[in-house]
Amino acid sequence: MKDIPLSGKVVTANNEGLPGVTVVIAGTDGSNKQGTTTNEKGEFTFSALEAGKRYTIDFSYIGFEKQSVTDFLLTESNNSSVKVTLKESASDLSEVVVVGYGSTAKKDITGSVKSLKSSEFNTGIINSPEQLFQGKVAGVNVTSATGEPGGTVSIAVRGPGGVRTGSTPLFVVDGLALDNSSTGGSTNPLSFLNPQDIESIDVLKDASATAIYGARGANGVILITTKKGKSGMATVNYSGSFGISKMARPLDILSADEFRTEVTKLGGTLIDGKGDTDWQKEISRTGITQNHNISLGGGTDKLTYYASVGLQKQEGILKNSNLDRYTGRINLNQKLLNDRVSLDINLNATNTKNLRPAQGMIGAAISANPTYPAYDDKGQPFQYVDGTNPLITLALEKDLTTTNRVIGNISPSVTIIKGLVYKLNFGIDNSTSTQDLQSLANKVPFQDGRLETRDVRNSNRLIENYITYTIDKNNHNFSALAGHSYQKISLRKRTYSINKFPVGGVEPIYNPGTGQDISLLNNRPTGEATLNELQSFFSRVNYAFKDKYLVTATVRVDGSSKFGANNKYGVFPSFSLGWRLSEENFLKSSAFSDLKIRAGWGQTGNQEIPSKITQALFTSTITDKTTYPLFNAGAYFGGTTYARLANPDIQWETSAQTDLGIDFALFKGALSGSIDYFRKTSEKILLEVIPSDPVQPAGTFWTNVDNMKIINEGTEIDLAYRKSLANGIRFGLAGNITFIKNNVKNSPYSVIPSGSAQGSGLTSATINGYISGEPIGTFYLKEFIGFDDKGISKFRDVDGDGIITDKDRVAAGSALPTKMYNFSGNIGFKGFDLTANFNGVSGNKLYDNTANSNFYKLRLSKGLNVIPEAFANAEESTSNSAPVSTRYLKNGAFLRLNNLALGYNLNTTALGINKWVQTIRVSITGQNLFVATKYNGYDPEVNNDRSINGITSYGIDYLSYPKAKTVIFGLNIGF
């Protein structure tokens with residue numbers, strides 16, 4: 001057959017040529033696959049195609065709906081006739097949004113839901129899914145509490161609502177609800193997911209949307225959908241990146257010359273080592289990150305597949321800090337029996353190795369005498385007598401966690417009759433991890449050497465059966481869902497240790513048998529195990545009349561093994577209404593292409609209490625408090641006593657949420673957005689309390705606190721604008737802001753401690769907690785008012801009794817922000833595109849526990865390094881201590897340039913390689929390039945875990961791992 005060219009044009013809805021569109025052509029049998037991109041006029045050309053053959057042509061571009069021309073017969077008469085109009089995705093109301101146990105069109109949603117596709121995700125070095133949508137969703141506060149590779153990320157959807165719940169939402173990956181338990185070490189349990197495998201993330205925010213998940217949905221629900229194969233052409237894609245990271249904001253500690261001057265001024269103890277060492281620089285480095293991913297996809301009408309392998313090797317900016325992640329994924333879909341049966345299989349395996357720096361190394365480095373040399377004349381870490389060189393600690397200590405996680409599910413569905421579908425979902429999530437904490441034996445400074453090994457085994461089993469019935473007749477669209485779910489979660493931890501290793505030789509981590517102290521006195525094994533079961537029945541009804549009057553109602557009944565016989569089950573209903581005014585005749589000719597008002601109410605639950613606390617607990621000991629001697633001079637005999645009484649009446653903590661919202665799009669979808677008002681009230685708060693009757697076998701017991709409430713109330717505004725100009729320039733602006741207030745009411749205590757201090761003389765001092773009339777995370781502190789005539793700290797005498805005690809503590813602000821805002825912009829021309837993302841918070845405070853324990857005048861006078869803030873007050877005495885107070889409470893507001901990315905799509909046709917390579921994209925991304933803040937610590941985005949008795953702490957900074965400033969070079973190739 002004769003070879004002829006094919007040319008065409010891609011335009012916008014305004015008939016303007018669209019440059020940079022990816023165009024892929026292949027025979028309908030998948031042969032002769034080629035790719036190219038449109039020029040500045042929106043035109044494309046393929047030079048040599050077989051005449052008389054049928055082709056499929058795919059068109060895709062960020063911000064626009066994908067489109068295909070199928071079964072196109074190429075002839076000499078039509079080889080220049082292809083013209084395609086792409087629709088901007090902002091106006092695509094039929095976009096599919098994933099909701100609980102199904103999906104629906106965006107226009108039909110009645111709850112508060114935000115859907116993000118992979119093209120909208122944040123870019124850069126991403127270790128967990130939360131970072132992909134940080135700053136992208138109104139009402140959702142994602143806090144990267146540390147710059148450590150694989151470190152934990154905290155997330156709150158419309159504010160925290162309980163004492164024991166924390167704020168972590170429920171994550172559901174391809175229909176499998178995850179357990180948020182730690183998988184070992186300090187690695188984020190969600191780091192097993194390769195961001196390159198994620199197709200979309202849907203955030204369910206209000207109770208009318210989350211109630212289908214009942215007890216697990218009190219903190220919101222995050223639905224993660226991974227990529228699936230598409231029938232037709234087989235595709236192979238490679239994406240790789242190379243990142244360079246440095247410490248973004250080193251602390252402003254004194255240089256050697258400044259140290260000598262200031263210690264001398266104070267008349268302090270100066271030991272001058274004649275050196276000039278920047279200890280922060282000595283323990284840090286330029287971190288290199290490599291990321292490589294290969295994916296394959298394709299299939300036939302009956303079988304589609306997606307497979308990927310990924311590798312990420314990340315060096316932290318502190319020495320001895322690495323995260324290596326290896327991932328593999330296979331997603332399959334098989335259709336059988338004339339498409340009446342559909343079988344989905346998703347399987348993901350991950351191996352993660354996380355090496356952490358020595359604990360306390362940061363504290364040692366920021367306090368170390370800068371006049372000491374880092375190394376001696378033999379090139380070894382310098383040994384000094386009045387402290388420990390941080391480099392010695394770096395060489396002697398190791399914290400290595402290896403985690404293997406396999407997660408998969410199989411979901412067959414059967415169409416019984418038209419509109420009636422039965423689906424089974426069976427999922428397994430297994431993780432095993434080993435954490436080795438090694439301290440090498442050493443002579444100077446002396447230490448025996450120790451190896452402690454912690455094994456963690458987590459198992460999560462889920463089986464669900466549900467039926468969906470859908471009917472669409474004339475003006476009526478109706479669907480109903482009913483199902484059953486059973487989930488079993490097993491957690492097990494064991495710890496072993498051995499002491500007294502010889503100096504030198506094989507590291508204990510490789511041969512624990514060289515340890516000499518194997519007595520149980522110092523190395524008694526410990527362990528714990530937990531088994532939780534959750535059985536649920538759920539249902540949902542959706543009804544739409546004339547595509548403009550919408551109703552959704554759900555009911556879920558949850559039963560948990562954590563509760564006693566009297567209240568094992570909880571019922572969680574919800575309903576919501578929607579009215580699409582844009583479908584009414586009186587708005588048909590208006591500027592609104594979409595206008596919908598929503599109203600919803602629902603209840604969700606919380607079961608986050610220790611397992612089996614509703615049951616009696618006994619203890620058998622031999623002490624003078626639990627037993628007595630049978631004879632005057634005899635020994636005590638073993639006795640069994642109650643440690644806890646049974647309490648079968650504990651019931652579910654509940655959160656009721658009301659949401660009023662409006663969704664709109666104007667000017668053919670160019671401007672779109674939503675506005676939501678919400679109020680979430682948590683009641684029947686689960687809490688460990690002190691019994692009113694002093695004659696009790698246990699000092700505390702668990703109960704639901706009567707009348708105590710936690711209220712989150714706020715407004716969310718989300719806007720986006722997209723435009724393409726006649727000259728080929730295209731741009732977009734987007735932003736969201738959330739105004740939110742949190743309030744604790746009727747707490748039974750003056751303060752429920754949630755965050756404690758750490759450091760010499762400070763350990764266990766309360767920093768913040770739950771106080772009636774104040775937000776969660778309120779700092780409860782003595783109010784610092786200056787210095788007396790002796791240079792000693794003064795505090796406000798609140799009760800006027802003439803002495804300063806804990807009764808003089810005041811509510812001094814909260815760690816929770818009252819405003820969260822984010823904005824982004826993008827601009828493109830021809831093959832180039834530039835994107836910037838900013839995020840910030842305000843109205844919040846943070847506690848600088850680092851400065852409280854390390855930076856005050858007394859420490860400088862003793863020869864320890866500090867920042868200038870420590871000696872800024874001339875009237876302060878060098879003998880003044882630094883107790884916990886508002887002196888170290890600081891403004892936590894910030895604005896961050898989170899992402900700045902420049903990309904270019906090469907024209908593979910112009911390069912003459914389009915027969916082999918469809919697309920090539922090169923990019924450079926800056927991550928955390930800039931942060932505006934008044935805080936003088938490493939970073940204002942902090943949430944160091946200083947929890948008390950399992951109650952989550954907020955806004956405390958203590959020797960947090962510094963954040964990095966990173967530049968990433970990326971390459972994406974599609975074959």
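Basis of the calculations
Residues numbered from 1 in each chain as written. Predicted model: local features only at pLDDT ≥ 70, side-chain atom pairs only at ≥ 80, totals over all residues. Heavy atoms only, no water. Helix = DSSP H or I, 4+ residues; strand = E, 2+ residues; numbered from the N terminus. Rg over C-alpha atoms; globule rule 2.2 N^0.38 Å. Buried < 20%, exposed > 50% of the residue type's maximum accessible area, 1.4 Å probe, protein only. Contact = heavy atoms within 4.5 Å. Areas by Shrake-Rupley, 256 points an atom, 1.4 Å probe, with all protein chains shown as cover. Pairing = 2+ DSSP bridges. Core = buried A, V, L, I, M, F, W, Y, C linked by side-chain atoms within 4.5 Å. Polar contact = N/O pair within 3.5 Å; in protein donor to acceptor, adjacent residues only side chain to side chain. Axes fitted to C-alpha atoms, helices over the stretch in contact; angles between N-to-C directions. Salt bridge = Lys/Arg side-chain N within 4 Å of Asp/Glu carboxyl O. pLDDT = per-residue confidence, 0-100. Phe/Tyr/Trp six-rings, centres within 6.5 Å; stacked < 30°, edge-to-face > 60°. Lys NZ or Arg CZ within 6 Å of the ring centre and 35° of its normal.

Trainee: Please clarify how the overall build of the protein should be interpreted in this entry.
Mentor: Counting its secondary structure elements, the protein contains eight helices and 51 strands. For 975 residues, the compact-globule estimate of 2.2 N^0.38 gives 30 Å, and the protein sits close to it at 31 Å. Dimensions of the protein along its principal axes, counting C-alpha atoms only, are 105 × 70 × 60 Å. Among the 975 residues that make up the protein, the fraction classed as buried is 51%. At a minimum sequence separation of 6, the contacts of the protein that also span at least 24 residues come to 70%. For the protein, the accessible area works out to roughly 42100 Å², and carbon and sulfur atoms hold 55% of it.

Trainee: Honestly, helix α2 (residues 256–266) in this entry has me stumped. Any pointers?
Mentor: Given 3.6 residues per helical turn, the α-helix brings residues three or four places apart onto the same face. Turning to α2, its buried residues are Ala256, Phe259, Arg260, Glu262 and Val263. Taken together, the buried residues of α2 touch α8 (857–861). Just downstream of α2, Gly267 is the residue with a positive phi angle, here 70 degrees.

Trainee: Help me understand the sheet that holds strand β13 (residues 170–173) in this model?
Mentor: Hydrogen bonds between backbone atoms are what pair the strands of a sheet, whose relative direction is either parallel or antiparallel. If you walk across this open sheet you meet the five strands as β10-β15-β16-β13-β14, and the pairing is mixed. Each having just a single partner strand, β10 (113–117) and β14 (176–177) make up the two edges of the open sheet. As judged from the four bridges shared by β13 and strand β16 (residues 221–226), these two strands associate in the parallel manner. Across the sheet, the residue bridging to Phe171 is Ile222, located in β16.

Trainee: Mind showing me how you'd approach the pairing of strand β34 (residues 685–689) here?
Mentor: Counting buried positions over the five residues of β34 gives four, a clear majority of the element. Where β34 meets strand β35 (residues 701–705), five bridges bridge the pair, whose relative direction is antiparallel. The residue bridging Glu688 from the neighbouring strand is Trp702, located in β35.

Trainee: Just to check I follow, could you spell out the environment of Val810 for this structure?
Mentor: Along the chain, Val810 falls in strand β43 (residues 809–814). Residue classification places Val810 among the buried residues on the basis of a relative accessible area of 14%. For the pair formed by Val810 and Val798, sequence separation is twelve residues and the distance between their alpha carbons is 8.0 Å. In contact with Val810, other than residues within four places in its own chain, are Phe779, Tyr780, Leu781, Glu783, Arg796 and Val798.

Trainee: Please explain the nonpolar core as it appears in this structure.
Mentor: Of all hydrophobic cores here, the largest spans 61 residues; its most connected members are Val163, Trp279, Ile366, Ile767, Tyr770, Tyr847 and Phe855. Every element with two or more residues in this core is listed here: α2, α3 (279–283), α4 (361–367), α5 (390–396), β34, β39 (766–770) and β40 (778–782). Setting aside residues up to four positions removed in sequence, Tyr770 forms contacts with Gly162, Val163, Ile710, Val744, Ser747, Ser750, Val751, Ile752, Ser754, Ile776, Ile951 and Tyr954.

Trainee: I would appreciate a short explanation of the side chain of Ser439 in the present structure.
Mentor: Mapped onto the elements of the fold, Ser439 is located in strand β23 (residues 420–439). Looking at Ser439, its side chain comes within polar contact range of the side chain of Glu397, at 2.6 Å. Those residues within four positions of Ser439 in sequence are excluded, and the remaining contacts are Leu396, Glu397, Gln447, Gly449 and Arg450.

Trainee: Looking at this structure, I do not really get the sheet that holds strand β6 (residues 67–73). What am I missing?
Mentor: The four strands are arranged β3-β2-β5-β6 in an open sheet whose pairing can be described as antiparallel. Two strands lie at the open edges of the sheet, namely β3 (34–37) and β6, each paired on one side alone. With direction set aside, neighbouring strand axes in the sheet form an average angle of 20 degrees. Relative to β3, strand β2 (residues 22–27) runs antiparallel, the two being bridged by four bridges. Each residue of the ladder has a partner; that of Ile25, found in β3, is Gln34.

Trainee: Even after reading the chapter, I still don't get unusual backbone geometry, so can you show me in this structure?
Mentor: Across the chain, the bulk of peptide bonds are trans and the bulk of non-glycine residues have phi less than zero. Look at the link from Val444 to Pro445: it is a cis peptide, with omega at -10 degrees. Structurally, the position occupied by Pro445 is in the loop between β23 and β24 (450–473). Positive phi outside glycine occurs at Asn746, with the angle close to 60 degrees. Structurally, the position occupied by Asn746 is in the loop between β37 (730–745) and β38 (752–756). A relative accessible area of 46% means that Asn746 is categorised as partly exposed. Phi is positive for Lys830, which is not a glycine, with a value near 55 degrees.

Trainee: Could you clarify how one ought to interpret the pattern of salt bridges in this entry?
Mentor: Where charged atoms from two side chains of opposite charge approach closely, those side chains can pair. Taken as a whole, this structure holds 42 salt bridges when the rule is applied. Taking the shortest distance from any N to any O, the salt bridge between Glu584 and Lys548 comes out at 3.2 Å. Placement of the pair is Glu584 in the loop between β28 (569–580) and β29 (592–606) and Lys548 in the loop between β26 (526–545) and β27 (549–560), with a sequence separation of 36 residues.

Trainee: Explanation requested: the pairing of strand β7 (residues 82–85) in the structure shown.
Mentor: Each regular strand shows side chains that alternate between the opposite faces of the sheet. Residues of β7 alternate between two faces, with Val82 and Val84 buried on one and Lys83 and Thr85 left unburied on the opposite face. Pairing between strand β1 (residues 3–11) and β7: four bridges, direction parallel. Across the sheet, the residue bridging to Val10 is Val84, located in β7.

Trainee: Explanation requested: the environment of Ile717 in the structure shown.
Mentor: Mapped onto the fold, Ile717 is located in strand β36 (residues 709–724). Residue class for Ile717 comes out partly exposed when judged on its relative accessible area of 27%. Measuring from C-alpha to C-alpha, the distance between Ile717 and Thr738 comes to 6.5 Å, with 21 residues separating the pair along the chain. When neighbours within four sequence positions are excluded, Ile717 is seen to be in contact with Ala138, Ser674, Ile675, Gly735, Asn736 and Ile737.

Trainee: It is not clear to me how the confidence of the model for the protein should be interpreted in this structure. Could you clarify?
Mentor: For residues with low pLDDT, the predicted coordinates do not support detailed interpretation. Here the protein averages 87 in pLDDT, and 96% of its residues register 70 or above. Ranking the elements of the protein by mean pLDDT puts strand β31 (residues 639–644) last, at 74, and strand β47 (residues 889–891) first, at 96.

Trainee: Help me understand the packing of aromatic side chains in this model?
Mentor: The relative placement of two aromatic rings is captured by the distance of their centres and the angle of their planes. The full count for this structure, using the stated rule, is 19 aromatic pairs. Measuring from ring centre to ring centre gives 6.0 Å for Phe44 and Phe46, while their planes differ by 65 degrees; the resulting arrangement is edge-to-face. With relative accessibility at 0%, the residue Phe46 sits in the buried group. Taking the centre distance of 5.3 Å and the plane angle of 25 degrees together, the rings of Tyr101 and Tyr213 count as stacked. Pair noted here: Tyr101 is in the loop between β8 (96–99) and β9 (102–105) and Tyr213 is in the loop between α1 (207–210) and β16, with a separation of 112 residues, a long-range link. Grouping residues by exposure puts Tyr101 and Tyr213 together as buried. Joined through ring pairs, the aromatic side chains of Tyr101, Tyr213, Tyr466 and Phe538 make up one cluster. Of note, Arg405 hangs over the ring of Phe192, and the distance from its end group to the ring centre comes to 4.2 Å. Over the ring of Phe784 we find Arg887; its NZ or CZ atom is 5.4 Å from the centre of that ring.

Trainee: When you look at the side chain of Asn499 in this model, what are you seeing that I'm missing?
Mentor: The residue Asn499 is located in strand β25 (residues 476–499) in this model. The class for Asn499 is buried, based on a relative accessible area of 14%. Excluding residues that lie within four positions of it along the chain, Asn499 makes contacts with Gly449, Arg450, Gly515, Gln516, Asp517, Asn522 and Asn523.

Trainee: Explain the environment of Ser321 to me, please; I cannot follow it from the model alone.
Mentor: Tracing the chain through its elements places Ser321 in the loop between β19 (303–315) and β20 (322–336). Judged by relative accessible area, Ser321 falls into the buried class, the value being 1%. Sequence spacing of Ser321 and Leu355 is 34 residues, and the spatial spacing of their C-alpha atoms is 5.2 Å. Aside from chain neighbours lying at most four places away, what touches Ser321 is Pro149, Arg285, Gln314, Glu315, Gly316, Leu355, Pro357 and Tyr961.

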